[in-house]
Amino acid sequence: MNSIQTTKMTNFRWVICALLFCATTVNYLDRQVLSLTWKDFIAPEFHWNDSDYGTITGFFSVFYALACLFAGKFVDWMGLKKGYLWAIFIWSLGACLHAGCGWVTMQVEGLDSVAALRAVEAGSAMAVAIATLSVWLFLVCRAILALGEAGNFPAAIKVTAEYFPKKDRAFATSIFNAGASVGALAAPLTIPVLAKHFGWEMAFIIIGAIGFIWMFFWAHLYEKPEKSKHVNQAELIYVNQDDEEAVANPTAEAAKPEKTIPFLQCFKYKQTWSFVVGKFFTDGVWWFYLFWAPAYFSDQFGYESSSSMGMALIFVLYLIVTVLSIYGGYLPKLFVEKKGMGPYAGRMLAMLIFAFFPLFALFAQPLGAYSAWFPAIIIGLAGAGHQAWSANLFSTIGDMFPKSTIATITGIGAMAGGIGSLLINKGAGSLFTYAETMGDSFTFIGFEGKPAGYMIIFCICAVAYLLAWIIMKTLVPKYKPIVVDE
């Protein structure tokens, strides 16, 4: 044992974390292509309004929610290596398929060019038919995208639980979860440019193809820590420090496999419902910012996503999210190591702190009257709060549940988050269309028309995290891990 302890520890767990980061970045790039192209490139061709886009984003959330319900169980059953490969293959294929929606629409409607699509009279029966058909085509593509993307977080969280001890998991999660904001950060600098110079179809194809490249690295680098040739015994001891038996005999396999909690039995635990509440109330907020921010700056300030100012606003927004959220997982580590708190108690305290960040959203619309930079910065701060919150929320699963069930619980929570996202995105689209139609007669705390609609949604986003934290703390006031009877 002494020779093991004096051997320099490898750090291959961070290579794996980097792969998770890249997968999450690609995940969010694929998700962002539509939000950065629909308003200025796609809507004029297909005659969409906000409600049409809200339907697509909302039902993407439904597809994602349903897929998440089973994705975790699929990953637990298939295994991380094959399960993750299947997930990214399916979502990359779905991303590329979006490019064919325009061609199919033209064939069905008997039109021979994009110019002919655009030339159809707005509000005519043909325009309605084009909008309806194209929405359905995009829904099919979004369903395939959602089916694959649902596997990302259950797989990534399970990998984190395999490769990191509990005290490091939130930090590792915050790193790979930062891929969400990095993907959103890279998106406005690349996607509108691709769409402007090569067409929106090529933007979907080029971004979607990146996932196929990732598959090569995952297939060649990932193995369980105890089987990986890149992990030495010193690193294995560190990874398994929460397991006293593993520390005593780090190179040995467990005497018998860990028992998995049956799917339906998961719902009898308050710990499951705590995670479900955290995801339901807050995931939709992040997805609203992700899906609607480009349209918001175009609607309210006239900055198209392909304009220099439009790209700068979205870039700065997600730069703030990226820089600040990376420290979200480090805060509970400080509480554990410096304050002597338990991992769960430190995580919940950190989440309470982060729950106050989204309150900044209350000032986005009022300060937008002075400059578009104010809502960009404010939404960035609120988004950073979400990402930090999310990193710690995911890590509560590893605190409470056996490793064999982590992906299943993650999938259940992601389903709840998808349902919450459906409500806020479909609701926002319908609200914005209604508010725009009503004009000055639609008011809310001093705002009229569509700005009033945005103010309503910002208010909902602002209070969601504190409400979620209170319910979670009520359900699981203290650390209480799930013990599976043999």
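Since we're looking at a predicted model, the values are computed, not measured.

Definitions and cut-offs
Residues numbered from 1 in each chain as written. Predicted model: local features only at pLDDT ≥ 70, side-chain atom pairs only at ≥ 80, totals over all residues. Heavy atoms only, no water. Helix = DSSP H or I, 4+ residues; strand = E, 2+ residues; numbered from the N terminus. Rg over C-alpha atoms; globule rule 2.2 N^0.38 Å. Buried < 20%, exposed > 50% of the residue type's maximum accessible area, 1.4 Å probe, protein only. Contact = heavy atoms within 4.5 Å. Areas by Shrake-Rupley, 256 points an atom, 1.4 Å probe, with all protein chains shown as cover. Lys, Arg positive; Asp, Glu negative; His and termini not counted. Charge placed at Lys NZ, Arg CZ, Asp CG, Glu CD. Patch = residues over 30% accessible without salt bridge, like charges linked within 9 Å, V, L, I, M, F, W, Y side chains within 5 Å. Salt bridge = Lys/Arg side-chain N within 4 Å of Asp/Glu carboxyl O. Expected span 1.5 Å × (residues − 1). Bend = angle between axes of the 7 residues up to and from the residue. Polar contact = N/O pair within 3.5 Å; in protein donor to acceptor, adjacent residues only side chain to side chain. Core = buried A, V, L, I, M, F, W, Y, C linked by side-chain atoms within 4.5 Å. Phe/Tyr/Trp six-rings, centres within 6.5 Å; stacked < 30°, edge-to-face > 60°. pLDDT = per-residue confidence, 0-100.

Asks: Go over the overall build of the chain, please, and point to the residues and values.
Replies: What the chain contains, in helices and strands, is 20 helices and two strands. By the compact-globule yardstick of 23 Å for 486 residues, the chain fits well, its C-alpha radius of gyration being 23 Å. The C-alpha extent of the chain, read off along each of the three principal axes, is 80 × 45 × 40 Å. Going through the 486 residues of the chain one by one, you find that 57% of them count as buried. Contacts in the chain between residues at least 24 apart in sequence constitute 84% of all its contacts with a sequence separation of at least 6. Only carbon and sulfur atoms are counted for the fraction: they give 68% of the accessible area of the chain, which is about 19200 Å². Side-chain charges of the chain comprise 32 positive and 32 negative groups, with the mean position of each set lying 11 Å from the other.

Asks: Tell me about the environment of Leu 111, and name the residues and values.
Replies: Tracing the backbone through its elements, the reader meets Leu 111 in the loop between helix H5 (101–109) and helix H6 (114–119). Accessibility expressed as a relative area gives 17% for Leu 111, which makes it buried. Spatially, the C-alpha atom of Leu 111 lies 55 Å from that of Lys 268, the residues being 157 residues apart in sequence. Contacts of Leu 111, omitting those with residues within four sequence positions, involve Met 106, Ala 116, Leu 117, Val 120 and Ile 130.

Asks: If you had to explain a nonpolar patch on the surface to someone new, which residues and values would you point to?
Replies: Taken together, the side chains of Phe 74, Trp 77, Trp 86, Phe 89, Leu 93, Leu 97 and Phe 212 define a hydrophobic patch exposed on the protein surface, amounting to about 710 Å² of accessible area. For the nonpolar patch, the elements supplying multiple residues, two or more each, are helix H3 (50–78) and helix H4 (80–97). You can see Trp 77 is positioned in helix H3.

Asks: Give a detailed account of H3, specifying residues and quantitative values.
Replies: For H3, spanning 29 residues, the distance from its first C-alpha to its last is 39 Å, which sits close to the expected 42 Å at 1.5 Å a residue. At Cys 68, H3 shows its maximal bend, which comes to roughly 35 degrees. The N-cap residue of H3 is Asn 49: its side-chain oxygen and the backbone nitrogen of Ser 51 are 3.0 Å apart. Two residues or fewer past H3, Gly 79 is found with a positive phi of approximately 100 degrees.

Asks: Give me the lowdown on the nonpolar core, citing residues and values where you can.
Replies: Formed by 150 residues in total, the largest nonpolar core has its most connected members in Trp 48, Phe 138, Phe 288, Trp 292 and Trp 389. By residue number, the principal contributor to this core is helix H2 (residues 12–46), which donates 17 residues. Once you skip the residues sitting within four places of it in the chain, Trp 389 turns out to touch Gly 278, Thr 282, Met 351, Phe 354, Ala 355, Tyr 465, Ala 468, Trp 469 and Met 472.

Asks: Provide a residue-level description of the pattern of salt bridges, including the pertinent values.
Replies: This model, assessed by the stated rule, comprises 11 salt bridges. The shortest N-O distance in the salt bridge between Asp 50 and Lys 39 comes to 3.4 Å. In this pair, Asp 50 sits in helix H3 while Lys 39 sits in helix H2, placing the two residues 11 residues apart along the sequence. Asp 76 serves as the salt-bridge partner of Lys 158, at 2.6 Å between the closest nitrogen and oxygen. One end of the pair, Lys 158, is in helix H8 (residues 152–163); the other, Asp 76, is in helix H3, and 82 residues separate them in sequence. There is no split in this pair, since Lys 158 and Asp 76 are both buried. Taken together, the salt bridges that share partners define one network made up of Lys 39, Asp 50, Asp 299, Glu 436 and Lys 450.

Asks: With reference to specific residues and values, describe the packing of aromatic side chains.
Replies: Each aromatic ring pair is summarised here by two numbers: the centre-to-centre distance and the angle between the ring planes. Taken as a whole and assessed by the stated rule, the structure comprises 51 aromatic pairs. Ring centres 6.2 Å apart and planes at 70 degrees place the aromatic pair Trp 14 and Phe 171 in the edge-to-face group. Here Trp 14 is found in helix H2, whereas its partner Phe 171 is found in helix H9 (residues 166–198), with 157 residues between them in sequence. For Trp 14, a relative accessible area of 29% gives the class partly exposed. With centroids separated by 6.1 Å and ring planes inclined at 85 degrees, the aromatic side chains of Phe 60 and Phe 291 adopt a geometry described as edge-to-face. With Phe 60 in helix H3 and Phe 291 in helix H13 (residues 270–301), this residue pair connects regions lying 231 residues apart in the sequence.

Asks: How would you explain the confidence of the model for the chain if you had to name every residue and give the values?
Replies: The share of residues in the chain with pLDDT of 70 or more is 94%, and the mean pLDDT across the chain is 87. Mean pLDDT values for the elements of the chain range from 47 in helix H12 (residues 244–248) up to 95 in helix H20 (residues 450–475). Low confidence marks residues 250–256, where pLDDT is under 50. Its contacts with residues over four positions away, or in another chain, come to seven contacts.

Asks: Give a description of unusual backbone geometry that names residues and reports values.
Replies: The phi dihedral of His 47 is positive, around 60 degrees, even though this residue is not glycine. With respect to the helices, strands and loops of the structure, His 47 is situated in the loop between H2 and H3. In this structure, Ile 445 takes a positive phi of about 35 degrees despite not being glycine. Inspection of the secondary structure assignment puts Ile 445 in the loop between strand E1 (443–444) and strand E2 (447–448).

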